[in-house]
Amino acid sequence: MAAAEVFSSADCGPVRLSDHPNGAWFVLCGGEAQSLQGGPYATREFVHTSIPFVGEAYAALRSAGVPMERIITIAQLDDYLRYLRSGVAEAIPDQQIPGHYYQEQLDRTSASCARWLAESEGGRADYDHADVNAATFMNVLAGKRTGAESKVVPADSDAPVFFGLYSHGDSHAAKREGGEGAGEVVPHSYHSAEWFIHFPYPAPGAEEGQNNATDMYDFVATEGQSNHRNLLYATQIRLALHALASPSSSSSSASRKKRPVISLLNCCRSGGLLEFMRRPSAIQPDLALFLMCSSQGHRDSLVSGFWSAFFSELRDTLRRGSGSDTDMMQLFFVAERRYHRENKYEALNHLKEAAFSYDIWQSEFHFSGARVGNVDPWHLDLTAALTTAWESEPASDNDNGPDWTALERLQQSYETGGAFRVTTKPSAQRPTHLVRGVTQPIEGVAQLQDGRWVLWTRSRQHLGERLSGTAGRSPLQPLESSNGRPVHENEKTQLLFEGDEVAPELATQPYRVRITAWKGRVPDVKITTHHHSASQPTATNCKPPATTGSNAGRSVDLVETIKRIYADKIAIPGQVTCHRQPAPL
């Protein structure tokens, strides 16, 4: 699932990624589950969760002008590529996948990480192979070197720090009622559960010379997790934030202010990792924090998801040279909208499960170049409406939600006969019309059992053709958007149902259809919460199964339904934001 949630210090000061003479520090960390990428080659998965996305983030930062010396990478870059090369050579014990598939994956991964590979020493991350563990991550942020050449965030620096971590995530109960091993597991909350992020290799113990790594887990309620040393816990992230904020022993607290910290945790259930920020005792008034996550604490995150959207917007913002004019909240908002635009298929799938038009569902529409029935106007209309919702300009800086006017228009058009027309007389032949003097079949038509033809009145807009006689206007009366913003008829993003002008040479009449439930519960309580986004399956242009369930035939309000979908299946429940001064880039 997931959109992104922001947690900020309630009294944070300005955060600038470019206000320090030498710039901010960026730590990019790519994790993975030990069972998937931390064992012998024969036990490893073909696809790595994080490597391509760390490569994507590295390229975005470099193209935005961030010096490579200010970027620290913790990931299995060389480790994973060596595994793929072994697969290409078919040298993995009991290898089941042919070598040419490994070559294709090697090529794809190398392309995703091209700049990172070109600028790295020996094609390795700064911390690679067994160094990709939770202790390394903590040491880098705390400025603790494990070797003479180790790159770390300097402990004596007050430059802003950004860290991004892409991996798998989950949680487990931290205690049971009645004490250890007794009673029922306490329900998940930040009081009773520990959220964590997976790493492929275990954090070494103190006996291995890793800066007292054993102590990392002494204060964490691991609850008997046998692989806990492969996990980075929320409690430890909180410790890292305190370490980043604390003045070093070489500088007095009076001479060095606490440095700004920005983070993005991109993993399933990542919202739980930041639940500690809801505790009043966790807030440091003089620490500028801007912490982001890709999903709420009980939801899975989308592959790529908010990570790609955020780094794309960060790159574009810094390229424009507008970093000093854009605060972090604004950057988050534009990245969030980009995320919703690019991942609307999850909401689309849920909406298609909740609502459909039986009359359109049972019709087999004709489009040139496609098999009869393969193109579904309902799918196309919903897709266009959701796209419009996230492409429309926000009503104000304080309203980052979608504009559901297009869904209002869609429902109105279906129910009033504006979306479809039907010929008044039956015909054995598919309807035609003149296009620049040439007779051509009308696109988006379906024949009824009585021989009449239904015409989809948005077919020409869908096919990108010029609307003859109606260019730039819709036959619908102007509506006011769901957030109060007036809608202009010349907006590029509106749905242009042509009504009776779709084929003026034909005798047609409105074809009114109902939008009803075919599956699941129909929302009967008005929901005012808006937006947020996704999980995974891909939307298709296929029709849903036949009408099922006790709600079959009940009318559905599309706007109320999509609001409930975003609230119950996709949305993040809330935000904790800055109350004082925005945090500029």
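Parameters at a glance
- Residues numbered from 1 in each chain as written.
- Predicted model: local features only at pLDDT ≥ 70, side-chain atom pairs only at ≥ 80, totals over all residues.
- Heavy atoms only, no water.
- Helix = DSSP H or I, 4+ residues; strand = E, 2+ residues; numbered from the N terminus.
- Buried < 20%, exposed > 50% of the residue type's maximum accessible area, 1.4 Å probe, protein only.
- Contact = heavy atoms within 4.5 Å.
- 1 Å grid on protein atoms, 1.4 Å probe; cavity = no way out; pocket = protein on both sides within 12 Å on 5 of 7 lines; lining within 4 Å.
- Points joined across faces, edges and corners; volume = space filled by probe spheres on them.
- Nonpolar A, V, L, I, M, F, W, Y, C, P; charged D, E, K, R; others polar.
- Expected span 1.5 Å × (residues − 1).
- Pairing = 2+ DSSP bridges.
- Axes fitted to C-alpha atoms, helices over the stretch in contact; angles between N-to-C directions.
- pLDDT = per-residue confidence, 0-100.
- Salt bridge = Lys/Arg side-chain N within 4 Å of Asp/Glu carboxyl O.
- Parallel < 35°, antiparallel > 145°, perpendicular 65-115°, else oblique.
- Left-handed = near helix turned anticlockwise from the far one by under 90°.
- Phe/Tyr/Trp six-rings, centres within 6.5 Å; stacked < 30°, edge-to-face > 60°.

Quick look at the overall build of the chain now. When its secondary structure is counted, the chain shows 15 helices and 15 strands. Counting across all 585 residues of the chain, residues that qualify as buried make up 54%. Taking the contacts inside the chain whose residues are at least 6 apart along the sequence as the reference set, 80% of them involve residues at least 24 apart.

Let's shift gears to the layout of surface pockets. Approximately 440 Å³ is the volume attributed to the largest pocket. Lining the largest pocket are 18 residues, with E121, R124, A125, D126 and K151 positioned closest to its centre. For the lining of the largest pocket, the per-class residue count stands at six nonpolar, three polar and nine charged.

Turning to helix α2 (residues 51-63), a few remarks are in order. Along its 13 residues, α2 runs 18 Å from first to last C-alpha, staying within 8% of the 18 Å computed at 1.5 Å per residue. The buried fraction of α2 is high, at 10 of 13 residues. Buried residues of α2: I51, P52, F53, V54, G55, A57, Y58, A60, L61 and R62, and no others. Phi for G65, located one or two positions after α2, is positive at around 100°.

With respect to topology, four strands assemble into an open sheet ordered β13-β14-β10-β15, the strand pairing being antiparallel. Here the strands that pair on one side only, and so sit at the sheet edges, are β13 (445-447) and β15 (508-510). Recorded for the sheet is a direction-independent mean angle of 30° between the axes of neighbouring strands.

With that settled, consider the pairing of strand β4 (residues 161-166). Where burial is concerned, most of β4 is hidden: six out of the six residues are buried. Burial along β4 is two-sided: the residues V161, F163 and L165 and F162, G164 and Y166 are all buried. Where β4 meets strand β8 (residues 261-266), six bridges bridge the pair, whose relative direction is parallel. Paired with L165 across the bridge in β8 is L265.

So, about the confidence of the model for the chain. In regions of low pLDDT, the predicted coordinates are not meant to be interpreted in detail. Overall, the predicted model of the chain reaches an average pLDDT of 79, with 73% of residues at or above 70. Summarising per-element confidence for the chain, the mean pLDDT is lowest in strand β1 (residues 5-8) (56) and highest in helix α3 (residues 77-88) (98). Across residues 465-492, confidence stays below pLDDT 50; counting only partners more than four residues off in sequence or on other chains, it has 64 contacts. Segment residues 573-584 is flagged for pLDDT under 50; beyond a separation of four residues in sequence, or across chains, it makes 45 contacts in the model.

In this section: α3. Along its 12 residues, α3 runs 17 Å from first to last C-alpha, staying within 8% of the 16 Å computed at 1.5 Å per residue. Among the 12 residues in α3, nine count as buried, and that is most of the element. Looking at the buried positions of α3, the neighbouring elements they touch are α1 (34-37), α2, α4 (99-112) and α5 (114-119). Backbone geometry just downstream of α3 places E90 in the positive-phi region, at approximately 55°.

Right, let's get into the pattern of salt bridges. Enumeration according to the criterion identifies 15 salt bridges in this entry. Across the salt bridge formed by R62 and E119, the nearest N and O atoms sit 2.7 Å from each other. Taken together, the residues span a long stretch of sequence, with R62 in helix α2 and E119 in helix α5 at a distance of 57 residues. On the basis of relative accessible area, R62 is assigned to the buried category, the value being 15%. Of the residues examined, E119 reaches a relative accessible area of 22% and is grouped as partly exposed. Close ionic contact of D316 with R315 constitutes a salt bridge, the shortest N to O distance being 3.0 Å. Through salt bridges with shared partners, one network takes in E313, R315, D316, R338 and E342.

The next subject is the packing of α3 against α4. In the contact formed by α3 and α4, the axes pass within 7 Å of each other and the chain directions differ by 150°. Of the possible angle classes, the one that applies to α3 and α4 is roughly antiparallel. Here α3 runs over α4; the crossing is left-handed. Contact with α3, carried on its side by Y80, L81, Y83, L84, R85, G87 and V88, involves G99, Y102, Q103, Q105, L106, T109 and S110 of α4 and no other residues of that element.

Moving on, we come to the packing of aromatic side chains. Within this structure, the stated rule accounts for 29 aromatic pairs. Both rings, one in F310 and one in F311, keep their centres 5.5 Å apart while their planes meet at 85°; by these two values the pair is edge-to-face. Of the two residues, F310 and F311, neither departs from the other in class, the shared state being buried. Taken together, F26, F53, F162, Y166, F306, W307, F310, F311, F332, F333 and Y339 form an aromatic cluster joined through their ring pairs.

On to the environment of S171, then. Mapped onto the fold, S171 is located in strand β5 (residues 169-173). Between the C-alpha atoms of S171 and I197, which are 26 residues apart in sequence, the distance is 8.6 Å.

For the rest of this paragraph, the subject is the sheet that holds strand β7 (residues 231-233). One open sheet accounts for three strands, arranged β5-β6-β7; its pairing is antiparallel. The open sheet has two free edges, formed respectively by β5 and β7, since each of these has just one partner strand. Within the sheet, the average angular offset between the axes of one strand and its neighbour, ignoring direction, is 35°. Bridging between β5 and strand β6 (residues 193-198) involves five bridges; their strand directions are antiparallel. In the sheet register, H172 faces β6, and the bridge partner there is E194.

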